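Survey of secondary and tertiary structure
Below, each chain spelled out in residue letters.
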Amino acid sequence: MDDTLNFDTLAVRSGTLRSDFNEHSEAIFLTSSFCFSSAAEAAERFKNAEDAYTYSRFTNPTVSMFQDRLAALEGGEACIATASGMAAILSVVMSALQAGDHIVSSQSLFGSTLGMFSQIFSRFGIATTFVDPKDLDAWKNAVRPETKMFFLETPSNPLTEIADIEAVGKIAKAANALFVVDNCFCSPALQQPLKLGADVVMHSATKFLDGQGRVLGGALVGSRKFIMEKVFPFVRSAGPTLSAFNAWVLLKGMETLSLRVEKQSANALEIARWLESHPAVKRVFYPGLESHPQYALAKRQQKAGGAIVSFELKGDTPEAQRANAWRVIDNTKICSITGNLGDTRTTITHPATTTHGRITPEARAAAGITEGLIRLAVGLENSDDIRHDLARGLDSK
Ligand SMILES: *Cc1c(COP(=O)(O)O)cnc(C)c1O
């Protein structure tokens, strides 16, 4: 599709394929394989498996529509969808690296991503050095002759630290390393890493692309050469494939992506400002607040602050802090107590005892995740109602 079209038009229109029935809405092709009219046609289609439909582990029309739409939204040439965000990480590493290679990665990562790098890939001879994502010298100094990949998430979870994608990209380029950015927290509605120098954008489509907490999905977007020559052969052989049904759910989610994420960001900013003035709150972490240490960078790199707001409660001891955080969480009646994010429904999490509960207390302290910390992933409810929901616990002692 015409790639001079604007984001909102691409979100609704791009990637659409129509069958002979000329259906208006995208069809769900729930079929494991596709028929051929002759042995010769079968042979021909298997030869061009990238472009022809043969078997749904390789290609499927509903999945193709999702891939093309996400590529359009990220400004990439090609996309391969995967069964989950973690399957996308597995696929990019298996496609691009081999034993003996080295990764430089941000230390502020989604928990399972950290686990993959430090416990799984390491067993296959791929080592990772973790760095503070804000420290450009640390990225530079971690490079070794065998460094083949840089991996970054920005903003980080749950403290919303911002890394400078363009600056890290220059260091990756100088090192000849593939620069992969997990764009899950912003989504392409707020941030497009490929335009800032990333080689590959990775997604957990489970979050904002679906946006309604229904299905798992993932994706990798990048150059046609990398996606089709490296990633496609791995995914079609190994099979971490996205299902046609989930691709259809995600296609429908993407049509409302920017509406949702912009409104969620506006709600999040209102809630963050209010939390900042609340006497029970010690500190608020939100890239849209002037008090955020990288406010200027966030403004340059992102269209808005995003939906994730973290805040730390006061308390004289870690035990008191935890009691205060749990009281706020337990007094909510609207917010969902759950680990997911990116939903239309606001979710509330205590990272120290859930998402970051399995790491050592020392590692947790080093990551700045205190007992008083609460993560909110703001949804589409009226923000006054969410404020009242939080005030119940914040105002009581
Ligand atoms: C959820 C998440 C993932 C993993 O995605 P799944 O779809 O759950 O496999 C990766 N990165 C970030 C930043 C996430 O929030």
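Procedures and definitions
Residues numbered from 1 in each chain as written. Predicted model: local features only at pLDDT ≥ 70, side-chain atom pairs only at ≥ 80, totals over all residues. Heavy atoms only, no water. Helix = DSSP H or I, 4+ residues; strand = E, 2+ residues; numbered from the N terminus. Rg over C-alpha atoms; globule rule 2.2 N^0.38 Å. Buried < 20%, exposed > 50% of the residue type's maximum accessible area, 1.4 Å probe, protein only. Contact = heavy atoms within 4.5 Å. Areas by Shrake-Rupley, 256 points an atom, 1.4 Å probe, with all protein chains shown as cover. Lys, Arg positive; Asp, Glu negative; His and termini not counted. Charge placed at Lys NZ, Arg CZ, Asp CG, Glu CD. Near = heavy atom within 4 Å. Polar contact = N/O pair within 3.5 Å; in protein donor to acceptor, adjacent residues only side chain to side chain. Nonpolar A, V, L, I, M, F, W, Y, C, P; charged D, E, K, R; others polar. Salt bridge = Lys/Arg side-chain N within 4 Å of Asp/Glu carboxyl O. Phe/Tyr/Trp six-rings, centres within 6.5 Å; stacked < 30°, edge-to-face > 60°. Lys NZ or Arg CZ within 6 Å of the ring centre and 35° of its normal. Patch = residues over 30% accessible without salt bridge, like charges linked within 9 Å, V, L, I, M, F, W, Y side chains within 5 Å. Domains from an automatic or database assignment. Buried area = accessible area lost by both parts, 1.4 Å probe.

Another aspect to go through is the overall build of the protein chain. When helices and strands are counted, the protein chain shows 14 helices and 12 strands. Computed over C-alpha atoms, the radius of gyration of the protein chain comes to 22 Å, within 12% of the 21 Å expected from 2.2 N^0.38 for 397 residues, which places it in the range of a compact globule. Once the C-alpha set of the protein chain is aligned to its principal axes, its extents read approximately 75 × 50 × 35 Å. Burial status across the protein chain gives 54% buried among its 397 residues. Taking contacts inside the protein chain between residues at least 6 apart in sequence as the whole, the part at least 24 apart equals 72%. When the accessible surface of the protein chain is totalled, it reaches about 17,300 Å², and 53% of it is carbon and sulfur. The positive charge centre, built from 40 side chains, and the negative charge centre, built from 43, are 2 Å apart in the protein chain.

Attention now goes to the site of the ligand. Lining the immediate environment of the ligand, one finds Ser-84, Gly-85, Met-86, Phe-110, Glu-153, Asp-182, Cys-184, Phe-185, Ser-204, Thr-206, Lys-207 and Gly-217. Residue Ser-204 places a side-chain N or O atom 2.8 Å away from an oxygen atom belonging to the ligand. Expressed as a share of its isolated accessible area of 380 Å², the protein-covered part of the ligand is 93%. Tallied by class, the residues present in the shell around the ligand amount to 4 nonpolar, 5 polar and 3 charged.

Time to look at the pattern of salt bridges. Pairing between side chains of opposite charge can happen when the charged atoms of each approach one another. Within this structure, the stated rule accounts for 20 salt bridges. Taking the shortest distance from any N to any O, the salt bridge between Glu-41 and Arg-45 comes out at 3.2 Å. In this pair, Glu-41 and Arg-45 are both assigned in helix α2 (residues 39-47), 4 residues apart and thus about one turn of the helix distant. Judged by its relative accessible area of 27%, Glu-41 is partly exposed.

Take the packing of aromatic side chains next. Both the distance between ring centres and the angle between the ring planes are used here to describe each pair of aromatic rings. Applying the stated criterion to the full structure yields 8 aromatic pairs. Taken together, a centroid distance of 5.9 Å and an interplanar angle of 65° make the contact between Phe-36 and Phe-46 edge-to-face. Within this pair, whereas Phe-36 is found in the loop between α1 (7-13) and α2, its partner Phe-46 is found in helix α2, the two being separated by 10 residues in sequence. Residue Phe-36 is classed as partly exposed on the basis of its relative accessible area, which comes to 27%. A residue is classified by how much of its surface remains accessible, and Phe-46, at 43% relative accessible area, is partly exposed. On the numbers, 6.2 Å between centres and 40° between planes, the contact of Phe-245 with Trp-248 is tilted. Highlighted residues: Phe-245 and Trp-248, both in helix α9 (residues 244-255), separated by 3 residues, approximately one helical turn. Residue classification places Trp-248 among the partly exposed positions, given a relative accessible area of 25%. Site record: aromatic cluster; members linked through ring pairs are Phe-36, Phe-46, Tyr-55 and Phe-58. The ring of Phe-110 carries Lys-207 above its face, with NZ or CZ at 4.8 Å from the centroid.

This part covers the environment of Asp-132. Along the polypeptide, Asp-132 turns up in the loop between β3 (127-131) and α6 (136-141). Among the residues examined, Asp-132 registers a relative accessible area of 25% and is labelled partly exposed. A sequence separation of 235 residues divides Asp-132 from Ala-367, and the C-alpha atoms of the two residues are 9.8 Å apart. In this structure, Asp-132 is in contact with Gln-107 and Trp-139, ignoring residues within four places of it in sequence.

A cluster of nonpolar residues, Ile-28, Leu-30 and Phe-245, forms a patch on the protein surface that exposes about 290 Å² of accessible area. Residue Phe-245 is classed as partly exposed on the basis of its relative accessible area of 38%.

In this section: the side chain of Arg-69. Tracing the sequence through the fold places Arg-69 in helix α3 (residues 61-74). With relative accessibility at 0%, the residue Arg-69 sits in the buried group. A polar contact is formed between the side chain of Arg-69 and the backbone oxygen of Val-12, at a distance of 3.4 Å. There is a polar contact of 3.2 Å between the side chain of Arg-69 and the backbone oxygen of Leu-251. Not counting chain neighbours up to four residues away, the residues in contact with Arg-69 comprise Leu-10, Ala-11, Val-12, Arg-13, Ser-14, Gly-15, Thr-16, Glu-26, Leu-251, Met-254 and Glu-255.

Splitting the protein chain by domain gives domain 1 (7-254) and domain 2 (257-394). Just the C-alpha atoms count here: the centres of domain 1 and domain 2 sit 27 Å apart. On the domain 2 side, the residues contacting the 33 residues of domain 1 number 35 residues. The contact between domain 1 and domain 2 buries some 2,700 Å² in all, and 60% of this surface belongs to carbon and sulfur atoms. Of all residues in domain 1, Leu-159, Leu-190 and Phe-208 bury the most surface against domain 2, accounting for 27% of the area lost on that side.

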